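Descriptive analysis of the structure
Each chain, letter by letter, is given below.
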Amino acid sequence: MAGIWEAFQAWSTDPIAARRRFQALAADGDPRAQCAFGLMLSSGRGGGTDPVAAARWLQRAAEQGHPLACYSLGAAYAEGRGVPADADVALQWYSRAAELGDREAMHALGMLCSADGASPEDLERAVAWWRWAAARGVPASMRSLGDALAATDLPGAAAWWLDAALAGDEPAVEALARVLPSVRAAAETSGAAAWVAA
């Protein structure tokens, strides 16, 4: 057990040593080490990049139910990084990660559901995934909810953009700045001007 924590401690101070330690622990079957080693191979941290090997190690960890590995493997399939691009396989791994509680996977599922040509049912699923992720603090999902509401509920959209902006999401700050005059006008018309007072 101590070996995995030593490897994680070395992640920022000695990434070369961390990579070697994660590799040894990964070979012994530890899914945390398999995921960490896969991520290091993917990013080049502590050595060169090897997207194919990264995907293999992420697959091993994902098959053992490691949430971050499931999400990362989904991203690899979505982007064709080390594996052939395959939206259906990406969806399967993102779904597994979301089932395991990975909030970034929830956001990614929303993005997949809302892709170009999405049906109204797909958009409803996207909003549901973004709500789950936003409730778990994902700023990009808060922004996506604002974007989804913008055409039909500008004050509601502004509220989501504000939450995202307060969480540090720069695109949400820009969206909020663009619509603030319209939100003020709508609030004045509805008698809720105090809500958006400067």
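Residues numbered from 1 in each chain as written. Predicted model: local features only at pLDDT ≥ 70, side-chain atom pairs only at ≥ 80, totals over all residues. Heavy atoms only, no water.

Notes on the overall build of the protein chain
Using the following cut-off: Helix numbering and strand numbering both begin at the N terminus, where a helix is a DSSP run of H or I of at least 4 residues and a strand a DSSP run of E of at least 2. The atom set for the radius of gyration is the C-alpha atoms, and the globule formula is 2.2 Å times the number of residues raised to the power 0.38. Working definition: with a 1.4 Å probe on protein chains only, accessible area under 20% of the residue-type maximum means buried, over 50% means exposed, and in between means partly exposed. Contacts are assigned to residue pairs that have any heavy atoms within 4.5 Å of one another. Calculation of accessible area relied on Shrake-Rupley with a 1.4 Å probe; when residues are assessed, cover is drawn exclusively from the protein chains displayed. By the counting rule applied here, Lys and Arg register as positive and Asp and Glu as negative, while His and the ends of each chain are not counted. Lys charges are placed at NZ, Arg charges at CZ, Asp charges at CG and Glu charges at CD.
When helices and strands are counted, the protein chain shows 11 helices and 0 strands. When its helices and strands are written in sequence order, the protein chain yields α-α-α-α-α-α-α-α-α-α-α. Relative to the 2.2 N^0.38 estimate, which gives 16 Å for 198 residues, the radius of gyration of the protein chain is 21 Å and therefore markedly larger than a compact globule would have. Each principal axis of the C-alpha distribution contributes one length, and for the protein chain these read about 65 × 40 × 25 Å. Taking all 198 residues of the protein chain together, the buried fraction comes to 39%. When contacts within the protein chain are restricted to residue pairs at least 6 apart in sequence, those whose partners lie at least 24 apart make up 40%. On the protein chain, roughly 10300 Å² of surface is accessible, and the fraction owed to carbon and sulfur atoms is 55%. Counting 16 positive and 23 negative side-chain charges, the protein chain places the centres of these two groups 7 Å from one another.

Structural notes on the pattern of salt bridges
Condition: The term salt bridge refers to a pairing of a side-chain nitrogen on Lys or Arg with a carboxyl oxygen on Asp or Glu at a separation within 4 Å.
This model, assessed by the stated rule, comprises 5 salt bridges. Arg 125 is paired through a salt bridge with Asp 122; the nearest N and O atoms lie 2.3 Å apart. Linking Arg 125 with Asp 122, this pair stays in helix α8 (residues 120–135), spanning 3 residues, or about one helical turn. Here Asp 169 makes a salt bridge to Arg 143, at a shortest N to O gap of 2.6 Å. One end of the pair, Asp 169, is in the loop between α10 (154–166) and α11 (170–190); the other, Arg 143, is in helix α9 (residues 139–149), and 26 residues separate them in sequence.

A word on the nonpolar core
What counts, and what does not: In these notes, a set of buried Ala, Val, Leu, Ile, Met, Phe, Trp, Tyr and Cys residues joined through side-chain atoms within 4.5 Å is what counts as a nonpolar core.
Grouped together as the largest cluster of nonpolar side chains are 25 residues, with contacts concentrated most on Ala 62, Ala 69, Leu 73, Tyr 77, Trp 93 and Tyr 94. Where this core is concerned, the elements lending two or more residues are α4 (51–63), α5 (67–79), α6 (87–99) and α7 (103–113). Grouped together as the second largest cluster of nonpolar side chains are 16 residues, Cys 113, Ala 126, Met 142 and Ala 175 included.

Regarding the packing of helix α2 (residues 15–27) against helix α3 (residues 31–43)
Put simply, the rule reads: Orientation is described by lines fitted to C-alpha atoms, with helices fitted over the stretch in contact, and by angles between N-to-C directions that extend from 0 to 180 degrees. With respect to orientation, any angle under 35 degrees is reported as roughly parallel, any angle over 145 as roughly antiparallel, any angle of 65 to 115 as roughly perpendicular, and every other angle as oblique. Note on convention: the crossing is left-handed when the near helix lies turned anticlockwise from the far helix by less than a right angle, right-handed when the turn is clockwise. Note that Gly is not counted as nonpolar here; it falls among the polar residues with everything else outside the nonpolar set of Ala, Val, Leu, Ile, Met, Phe, Trp, Tyr, Cys and Pro and the charged set of Asp, Glu, Lys and Arg.
Where α2 contacts α3, the two axes come as close as 8 Å, and the packing angle between them is 135°. If you check the angle between α2 and α3, you find them oblique. Helix-helix and strand crossings are classified by hand; for α2 and α3 the assignment is left-handed. Residues Pro 15, Ala 18, Arg 19, Phe 22, Gln 23, Leu 25 and Ala 26 of α2 pack against Ala 33, Gln 34, Ala 36, Phe 37, Met 40 and Leu 41 of α3. Among the residues forming the contact of α2 with α3, the class breakdown is 10 nonpolar, 2 polar and 1 charged.

Examining the packing of aromatic side chains
Going by this rule: Between the rings of Phe, Tyr and Trp (Trp by its six-membered ring), a pair exists once the centres lie within 6.5 Å; its type follows the angle of the planes, with under 30 degrees stacked, over 60 edge-to-face, and the other angles tilted. Each ring is checked for a lysine NZ or an arginine CZ that lies within 6 Å of its centre and within 35 degrees of its normal; such an atom marks a charge sitting over the ring.
Evaluation of the coordinates by the stated rule reveals 5 aromatic pairs. In textbook terms, an aromatic cluster arises when at least three aromatic residues are bridged by ring pairs, as seen for Trp 5, Phe 8, Trp 11 and Phe 22. Sitting over the face of the ring of Trp 5, Arg 32 holds its NZ or CZ atom 5.7 Å from the ring centroid. The aromatic ring of Trp 57 is capped on one face by Arg 60, whose charged end is 4.2 Å from the ring centroid.

Section: the confidence of the model for the protein chain
Operational definition: The pLDDT value expresses, per residue, how confident the predictor is, ranging between 0 and 100.
Of all residues in the protein chain, 91% have pLDDT values of 70 or greater, and the mean over the chain is 91. The secondary structure element of the protein chain with the lowest average pLDDT is α11, at 79, and the one with the highest is α4, at 98. Across residues 192–198 the pLDDT falls below 50, and counting only partners more than four positions away or on other chains, this stretch makes 9 contacts in the model.

As for the side chain of His 66
Among the structural elements, His 66 can be located in the loop between α4 and α5. Setting aside residues no more than four positions away along its own chain, His 66 makes contact with Pro 31, Arg 32, Cys 35, Ala 61 and Leu 100.

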